Amino acid sequence: MNIKKIYQQAVERLLAAGVADAAIDVGFLLSHLLKCSRAELFVADRYLSPGLVEQFGKFLARRMAREPVAYIIGEQEFWSLSFLVTPDVLIPRPETEHVVEAALELNKSGFVENGPMLDLGTGSGILAICLALEMPDRQVVAVDRSRPALLVAAANAKRHGVSSRVNFVNSCWLEAFRPGPIFSVVVTNPPYVAQTSMAALEPEVRVFEPALALDGGFHGVREIEIICRDLDQILKAGGWFFMEIGFDQEEYVLELFRKMSGYDNVRVIRDYAGLPRVLQARKTATVKKHG
Ligand SMILES: C[S@@+](CC[C@H](N)C(=O)[O-])C[C@H]1O[C@@H](n2cnc3c(N)ncnc32)[C@H](O)[C@@H]1O
């Protein structure tokens, strides 16, 4: 069957199923099947074999049921690299690249001290692995509560050749750690969706992505509060913290850091859409706990 015909029919079917980016998605599915780039799809008068037509039909049915393309093809691009993804992990989002960018910018300017880095809630491992690749002299510890997610992250570390420098720990945030300020950088993209907003999420997210990766409690800040409360135990004086936040959480996190003494350079970095996206803070000293 001619690829142009298949393409057009598939786009129409996805649009009818309520998929907004139908043309882009069909391009991804076809190029995955044909093992070519999306740009190459239409350069020759390509035909799909009956076997590939059948496989494409199965892919299309899954997408029409609103399963995300990344789970269908089993990978997602982040930081110009391809990462394995399964339904056990959140699909990497482009906004999260701002966390990597913020840490690298400070490192290039010489503001980041030596020492290991920590990724809390690593999911597919994107933050830990990109930081390990970009800062080849560092060790990274990557934590997740989900064991199946850690298996995906470990496979990604192997895929990108950083297994010897990224260590995976199954823990509920810092529970598995003995308090001791050893990390020079802590990054996290915690679950920050308010429970009240969960029902309004697109089916791709609500039905298919792991709730553990999304659900931030009633107001969306339950996990943010736990991480920030315990941060002092493991971050070195002079160490940096980078945390992805929801577009409506800027004031909340700035106030949280105002109340916690011992941090300076507290600011929120905006994404390309101009929305608040990453909280950045530097620890000035170990905070003495009273009482
Ligand atoms: C928003 S996802 C981020 C995944 C990945 N870092 C990314 O940016 O794509 C949050 C991650 O935190 C993990 N998580 C949720 N609660 C946790 C907890 N209490 N302790 C450790 N990890 C947790 C989830 O399993 C999930 O992988």
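(A) A look at the site of the ligand. With respect to spatial proximity, 17 residues lie near the ligand, and among them Gly121, Asp144, Trp173, Asn189 and Ala213 are the closest. Between the ligand and Thr122, the relevant distance is 3.3 Å, taken from a nitrogen atom to a main-chain nitrogen or oxygen of the residue. Note that a nitrogen atom of the ligand is positioned 3.1 Å from one of the backbone N or O atoms of Arg145. Taken together, the residues that form the shell around the ligand break down as 8 nonpolar, 7 polar and 2 charged.

(B) Representation of helix α3 (residues 50–64). End to end, α3 covers 21 Å across 15 residues, agreeing with the expected 21 Å (1.5 Å per residue, within 8%). For α3, the full list of buried residues reads Phe56, Phe59, Leu60 and Arg63. Axial view of α3: buried residues confined to an arc of 100°, hence all on one face. Opposite its buried face, α3 presents the exposed residues Pro50, Glu54 and Lys58, each directed more than 90 degrees away. Among the structural elements, α1 (3–16), α2 (22–34), α4 (69–73) and α9 (203–206) are those in contact with the buried residues of α3. Looking one or two places after α3, you find Arg66, whose phi comes out positive at around 75°.

(C) Here's a closer look at the nonpolar core. The biggest cluster of nonpolar side chains holds 30 residues, and the ones touching the most others in it are Phe78, Val100, Leu127, Leu131, Val166, Val187 and Phe242. Looking at this core, the elements that each hand over two or more residues are α5 (97–108), α6 (126–134), β4 (140–144), β6 (183–188) and β7 (235–244). Take this core: its biggest share by element is 7 residues, from α6. When residues no more than four places from it in sequence are discounted, the contact partners of Leu131 are Val100, Ala103, Met117 and Val187. Counting residues in hydrophobic clusters, the runner-up holds 28 residues, among them Phe177, Val221, Leu235 and Ile245.

(D) How the structure looks around the environment of Val185. Its place among the elements puts Val185 in strand β6. Non-local contacts of Val185, meaning those with residues more than four positions away in its chain, are made with Val112, Pro116, Met117, Leu118, Leu235, Trp240 and Phe242.

(E) A look at the pattern of salt bridges. For the structure shown, the criterion picks out 15 salt bridges. Across the salt bridge formed by Glu204 and Arg66, the nearest N and O atoms sit 2.8 Å from each other. You can see Glu204 sitting in helix α9 and its partner Arg66 sitting in the loop between α3 and α4, a full 138 residues away along the chain. Like Glu204, the residue Arg66 is buried in the burial classification. When salt bridges that share partners are traced, they join Asp25, Arg63, Arg66, Glu202 and Glu204 into one network.

(F) Molecular detail of the environment of Phe56. You can see Phe56 is positioned in helix α3. Accessibility expressed as a relative area gives 5% for Phe56, which makes it buried. Measuring from C-alpha to C-alpha, the distance between Phe56 and Lys158 comes to 29 Å, with 102 residues separating the pair along the chain. Filtering out sequence-adjacent residues up to four positions away, Phe56 remains in contact with Ile6, Ala10, Val26, Leu29, Leu30, Leu33 and Leu48.

(G) Highlighting the sheet that holds β7. Pairing is mixed across the open sheet formed by 7 strands, whose spatial order is β5-β4-β3-β6-β7-β9-β8. Looking at which strands have only one partner, the edges of the open sheet turn out to be β5 (166–170) and β8 (263–270). Here the strands of the sheet are splayed against their neighbours by 15° on average, with no regard to which way each runs. Where β6 meets β7, 5 bridges bridge the pair, whose relative direction is parallel. Across the sheet, the residue bridging to Phe183 is Leu235, located in β7. Its contacts with the sheet place helix α7 (residues 147–159) against β4 and β5, and it is angled at close to 175° to β5. Across the face of the sheet, helix α10 (residues 222–234) comes into contact with β3 (117–120), β6, β7, β8 and β9 (276–283) while running at roughly 160° to β7.

(H) View of the packing of α5 against α6. At a minimum axis separation of 10 Å, α5 and α6 run at an interaxial angle of 30°. The angle between α5 and α6 falls in the class roughly parallel. Considering how the two elements wind past one another, α5 and α6 form a crossing that is right-handed. Two secondary-structure elements touch here, α5 through Val99, Val100, Ala103 and Leu104 and α6 through Leu127, Cys130, Leu131 and Glu134.

(I) Molecular detail of the packing of aromatic side chains. Counting across every chain of the model gives 6 aromatic pairs. With a centroid separation of 6.4 Å and 15° between ring planes, the pair formed by Trp240 and Phe242 is classed as stacked. Both residues of the pair, Trp240 and Phe242, belong to the buried class. When the centroid spacing of 5.2 Å and the interplanar angle of 80° are considered together, the rings of Phe257 and Tyr263 count as edge-to-face. Judged on exposure class, the residue Phe257 and its partner Tyr263 are both buried. Ring pairing ties together the aromatic residues Phe241, Phe257 and Tyr263, which thus form one cluster. The ring centre of Phe28 lies 3.9 Å from the NZ or CZ of Arg38, which sits over that ring.

Rules and cut-offs
- Residues numbered from 1 in each chain as written.
- Predicted model: local features only at pLDDT ≥ 70, side-chain atom pairs only at ≥ 80, totals over all residues.
- Heavy atoms only, no water.
- Near = heavy atom within 4 Å.
- Polar contact = N/O pair within 3.5 Å; in protein donor to acceptor, adjacent residues only side chain to side chain.
- Nonpolar A, V, L, I, M, F, W, Y, C, P; charged D, E, K, R; others polar.
- Helix = DSSP H or I, 4+ residues; strand = E, 2+ residues; numbered from the N terminus.
- Expected span 1.5 Å × (residues − 1).
- Buried < 20%, exposed > 50% of the residue type's maximum accessible area, 1.4 Å probe, protein only.
- Arc of directions from axis to C-beta.
- Contact = heavy atoms within 4.5 Å.
- Core = buried A, V, L, I, M, F, W, Y, C linked by side-chain atoms within 4.5 Å.
- Salt bridge = Lys/Arg side-chain N within 4 Å of Asp/Glu carboxyl O.
- Pairing = 2+ DSSP bridges.
- Axes fitted to C-alpha atoms, helices over the stretch in contact; angles between N-to-C directions.
- Parallel < 35°, antiparallel > 145°, perpendicular 65-115°, else oblique.
- Left-handed = near helix turned anticlockwise from the far one by under 90°.
- Phe/Tyr/Trp six-rings, centres within 6.5 Å; stacked < 30°, edge-to-face > 60°.
- Lys NZ or Arg CZ within 6 Å of the ring centre and 35° of its normal.

That is the geometry; function is a separate question.
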